[in-house]
Amino acid sequence: MGDTLEFNEIYQEIKGSWNDGRLRFSKQNVVYKSSKTGKVDSIPAGELNLAQWRRVCLGHGIKLGTSTGLIYKYDGFRDTDFEKISEFFKANYKVELTEKDMCVKGWNWGTAKFSGPLLSFDVNDNTAFEVPLSNVSQCATGKNEVTLEFHQNDDTEVSLMEVRFYVPPSQSDERQDPVEAFAQSVLSKADVIQATGDAVCIFKELQCLTPRGRYDIRIYPTFLHLHGKTFDYKIPYTTVLRLFLLPHKDQRQMFFVISLDPPIKQGQTRYHFLILLFSKEEDINLTLNMSEDDVERRFEGKLSKNMSGSLYEMVSRVMKALVNRKITVPGNFQGHSGAQCITCSYKASSGLLYPLERGFIYVHKPPVHLRFEEISCVNFARGTTTTRSFDFEIETKQGNQYTFSSIEREEYGKLFDFVNAKKLNIKNRGFKEGMKGKIDEYSDSDDDQHDAYLERMKAEGKIREEGNDSDESDAESDESFNPGEEDDDIAEEYDSNASASDSSEDGDDSEDEGAKKKKKAKKAKVVKEKKERKPRKEKKQKDTGGPKRPMSAYMLWLNSSRERIKSENPGISITEISKKAGEMWRQLGKDEKEEWETKAGEAKREYDKAKREYKESGGGSSSASKKDSKKSGGKKEEKKRKSAGGNKDKERGGGSDSFKSREFIESSEESSSDSDRKSKSKRKKEESDEEEEAMSTPEEESD
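Everything numeric here is computed off the predicted structure, so don't read it as measured data.

Draft legend 1. Quick peek at the overall build of the chain. In terms of regular secondary structure, the chain is built from 15 helices and 31 strands. Classification of the 703 residues of the chain by burial places 33% in the buried group. Contacts in the chain between residues far apart in sequence, at least 24 positions, make up 48% of those at least 6 positions apart. Approximately 47,100 Å² of the chain is accessible, and the part contributed by carbon and sulfur atoms is 47%.

So this is what it looks like as structure tokens:
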């Protein structure tokens, strides 16, 4: 057995929705990476103390428990995976993987057990269902019942709103109410935000771009409170995925972006990103509402009780210490103007696109964050409105496409080199050499080898200088345009000084010469020769009386399997049936396909035999005669059309001549009538000669 075990399409339940990802068991730890968010769960092997194998809705699942009281559940395993996982656990983790049966009786009377972050409802010592207490948003008590309300997830079609537990009165301990004891056990582990105690610090009147407005930000030990004039938001630190600190293109402002999952809600609007805008010149003196000993014990030197500096720096430092996540800043990319971002438009709104070390982020309306690992390919497209700009298209592995338009043409080289260096697949070009390098699929997209945030703070002054130099270079780049040269070219092409000097000497002669020159200057009209039309290919007429063509092996299999596919997938459409059938046919083995191919071969032989007999019996000749009659009829019609068209052309030709006098018209009519008489007399003579020859020929033969 190898050092690692890896499984794809393993699911983790998060607030009622299934998120797929990858799971890897190694000697050091257990790592799970979500495909949706890129978040990585790492469980050290030394902390594992529980491993259960259970039959669940998505096949089989594993429940892992740690010595710190955390519970992890992963579903989507096959029945055959149990043996190799069990052997791996025994060899490397010193933990036995035990099989645990679930209760499927459907009883609603049982025992509630609190084990760590889970509330387990057991019937006859078998678990009927488990409630993660971190999903509980509110807990209310009644006379003999407790009501649990849950956080809602927008990704689920159906959500569990609340569960009520009936708690019977206890006869043994009258001092403690069983309902209150149950509620306290729930609230001790539930994700219920209660603003108890004082805030660690408060930032007044910060400008927020999404959600728009000015908010007072109160920093609590476990959550962030945004207090505005109309709305309030409470954001637990557990929902913060990433932190970004991005310099504005004008080098005078800074964006601080907080990525959230799940997002904060206001009516039907969801805010996945919290974006704050700061001025670099704004400073603050900050004092934390904690003693120096508490600050040292809690933050381990990351923060101090009294701090001073730029406002954006203070906010980012406090958030980094409380959320315990690194701050992502732009890497080595520099655009044409020296800035670390690109001006562009997304969905008809102008904004800034930041190429990062492990992805792209666009601010600010709407904010978009794309990790390199979820990008399928990128494409550089020509701009639709002007040639001085281009579009940058990003296509994800889920099939979504993001188009960032109106990017200046000068940014193309820098952006192309950046995409090339990051080994992203560029559309219509394919993979280059070295692009197929091995990528660690379980690495966190936030983990960098160096702390770019600290480097960013150190290089602040250097970036300002580069921004000033880039402004000067932009002014120098326009010097190549010289309109005087273009005027000289036009004068040489249409030079007419010589003709003007000659024309001053002669009067009437010069006018004639000028007219001749003008005629020469005009381009001669090119008369295109009419190409002969190729005769149309005649369509093959279907012989309705002949035998029907045989079906292929796939069509024979499809006809026999169509009803089975419908029964297995109720409500499936016709197009989906064909897609599903195609997938099933590709998965069939050689032996199963061979059976249908032999049937198709027999049907082909029977068809060839029937076709031979049909032709021998005279089938198909009637259709050929019909074709010939149609051809001859078609040729006659063509001749008629040509003759009619010729007469029309003659009539039109008369109208195209110049004006004719009345005498000329009368004389022409007389001449035409004379010519008609002559032609008629000629025809009569020829006909009489032909009759005489016809009468004379049989006599010569008889002689």
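After presenting the structure, the write-up continues.
Draft legend 2. Quick look at the pattern of salt bridges. Using the criterion set out here, one finds 17 salt bridges in the structure. When the shortest N-O distance is used, the salt bridge between Arg371 and Glu373 registers 2.4 Å. According to the relative accessible area criterion, Arg371 is buried, its value standing at 3%. For Glu374, the salt bridge is made with Arg371, and the minimal N-O distance between the two is 3.8 Å. Three or more residues are tied together by salt bridges with common partners; here these are Lys33, Arg371, Glu373 and Glu374.

Draft legend 3. A look at the packing of helix α11 (residues 553-568) against helix α12 (residues 574-587). Closest axis-to-axis distance for the α11/α12 pair is 10 Å, and the angle between their directions is 115°. Taken as a pair, α11 and α12 cross one another with a handedness that is right-handed. Where α11 approaches α12, its residues Ala553, Tyr554, Trp557, Leu558, Arg562, Arg564, Ile565 and Lys566 are matched on the opposing element by Ile577, Ser578, Lys580, Ala581, Gly582, Met584 and Trp585. Here the contact of α11 with α12 is built from residues that sort into 9 nonpolar, 2 polar and 4 charged.

Draft legend 4. Representation of helix α4 (residues 311-323). The terminal C-alpha atoms of α4, which comprises 13 residues, lie 18 Å apart, in line with the 18 Å expected from a rise of 1.5 Å per residue. Within α4, the full set of buried residues consists of Leu311, Tyr312, Met314, Val315, Ser316, Val318, Met319, Ala321, Leu322 and Val323. One or two steps after α4, the chain reaches Asn324, where phi turns positive at roughly 65°.

Draft legend 5. Quick look at the side chain of Gln52. Checked against the element boundaries, Gln52 lands in strand β5 (residues 48-56). Sequence-distant contacts of Gln52, defined by excluding residues within four places in its chain, comprise Gly61, Ile62, Lys63, Leu97, Thr98 and Lys100.

Draft legend 6. A look at the pairing of strand β11 (residues 126-132). Sheet topology note: the strand β10 (residues 118-123)/β11 ladder contains 6 bridges and is antiparallel. Within β11, the residue paired with Leu118 across the bridge is Pro132. The loop that links β10 with its antiparallel partner β11 comprises 2 residues; one of these, Asn124, has a positive phi angle of about 55°.

Draft legend 7. Highlighting the sheet that holds strand β20 (residues 253-266). On the basis of which strands lie adjacent, the open sheet formed by 8 strands has the order β18-β17-β16-β15-β21-β20-β19-β24 and mixed pairing. Since the sheet does not close on itself, it has two edges, and those belong to β18 (232-236) and β24 (327-328), each with one partner. The pairing of strand β17 (residues 223-227) with β18 spans 5 bridges and is classified as antiparallel. By the bridge assignment for β18, His227 is matched with Asp232. Packed on one face of the sheet, α4 meets β15 (201-210), β16 (213-219), β17, β19 (240-247), β20, β21 (269-279) and β24 and runs near 100° to β15.

Draft legend 8. Structural view of the nonpolar core. Ranked by internal contacts, the top residues of the largest apolar core, which has 43 residues, are Phe203, Ile219, Leu224, Phe256 and Met319. Per-element accounting of this core gives the leading share, 9 residues, to α4. Each residue touching Phe203, except ones within four places of it in the same chain, is listed here: Tyr215, Asp216, Ile217, Ile219, Ile284, Leu286, Leu311, Met314, Val315 and Val318.

Draft legend 9. The arrangement of the sheet that holds strand β9 (residues 111-115) in detail. An order of β9-β10-β11 is seen for the 3 strands of this open sheet, with the pairing classed as antiparallel. Each edge of the sheet is formed by a strand with only one pairing partner; in this case those strands are β9 and β11. Sheet twist, expressed as the average angle between the axes of neighbouring strands with direction ignored, equals 25°.

Draft legend 10. A look at the packing of aromatic side chains. Tallying each qualifying case throughout the model produces 33 aromatic pairs. On the basis of an interplanar angle of 40° and a centroid distance of 6.4 Å, the ring pair of Phe121 and Phe165 is categorised as tilted. Of this pair, Phe121 sits in strand β10 while Phe165 sits in strand β14 (residues 162-166); the two residues are 44 residues apart in sequence, bridging distant segments of the chain. For the residue pair Phe121 and Phe165, the accessibility class agrees, reading buried in each case. Following the ring pairs from residue to residue traces out a cluster consisting of Phe333, Phe360, Phe372, Phe380, Phe390, Phe392, Tyr412, Phe416 and Phe418. Sitting above the plane of the Trp107 ring, Lys105 keeps its charged end 4.6 Å from the centroid.

Draft legend 11. Layout of a negative patch on the surface. A grouping of Asp79, Glu83, Glu87, Glu99 and Asp101 is seen on the molecular surface, where their side chains present a negatively charged patch. Relative to the assigned elements, Glu87 resides in helix α1 (residues 81-93).

Draft legend 12. Focus on α11. End to end, α11 covers 22 Å across 16 residues, agreeing with the expected 22 Å (1.5 Å per residue, within 8%). The largest bend in α11 comes to about 45°, at Ser561. Within the span of α11, buried status applies to Ala553, Trp557, Leu558, Ser561 and Ile565. Next to the buried residues of α11 lie α12 and α13 (590-616).

Draft legend 13. Expanded view of unusual backbone geometry. Put simply, Thr210 and Pro211 share a cis peptide bond, and its omega is -10°. Position of Pro211 relative to the elements: it lies in the loop between β15 and β16. Put simply, Asp261 and Pro262 share a cis peptide bond, and its omega is 0°. Relative to the helices and strands, Pro262 resides in strand β20. The phi torsion at Glu9 lies on the positive side, around 55°, for a residue other than glycine. As for its position among the elements, Glu9 is in strand β1 (residues 5-14).

Draft legend 14. Representation of the pairing of β9 within the structure. Two strands pair when backbone bridges link them, and β9 and β10 are joined in this way by 5 bridges, in the antiparallel orientation. Pairing of Ala112 across the sheet is with Phe121, part of β10. The turn linking β9 back onto β10 is made up of 2 residues, and Gly116 within it adopts a positive phi angle of 65°.

Draft legend 15. Representation of the side chain of Asn135. Inspection of the secondary structure puts Asn135 in the loop between β11 and β12 (136-141). Classification of Asn135 by relative accessible area gives buried; the value is 12%. Setting aside residues no more than four positions away along its own chain, Asn135 makes contact with Glu13, Lys15, Glu149, Phe150 and His151.

Reading the values: rules and limits
- Residues numbered from 1 in each chain as written.
- Predicted model: local features only at pLDDT ≥ 70, side-chain atom pairs only at ≥ 80, totals over all residues.
- Heavy atoms only, no water.
- Helix = DSSP H or I, 4+ residues; strand = E, 2+ residues; numbered from the N terminus.
- Buried < 20%, exposed > 50% of the residue type's maximum accessible area, 1.4 Å probe, protein only.
- Contact = heavy atoms within 4.5 Å.
- Areas by Shrake-Rupley, 256 points an atom, 1.4 Å probe, with all protein chains shown as cover.
- Salt bridge = Lys/Arg side-chain N within 4 Å of Asp/Glu carboxyl O.
- Axes fitted to C-alpha atoms, helices over the stretch in contact; angles between N-to-C directions.
- Left-handed = near helix turned anticlockwise from the far one by under 90°.
- Nonpolar A, V, L, I, M, F, W, Y, C, P; charged D, E, K, R; others polar.
- Expected span 1.5 Å × (residues − 1).
- Pairing = 2+ DSSP bridges.
- Core = buried A, V, L, I, M, F, W, Y, C linked by side-chain atoms within 4.5 Å.
- Phe/Tyr/Trp six-rings, centres within 6.5 Å; stacked < 30°, edge-to-face > 60°.
- Lys NZ or Arg CZ within 6 Å of the ring centre and 35° of its normal.
- Patch = residues over 30% accessible without salt bridge, like charges linked within 9 Å, V, L, I, M, F, W, Y side chains within 5 Å.
- Lys, Arg positive; Asp, Glu negative; His and termini not counted.
- Charge placed at Lys NZ, Arg CZ, Asp CG, Glu CD.
- Bend = angle between axes of the 7 residues up to and from the residue.

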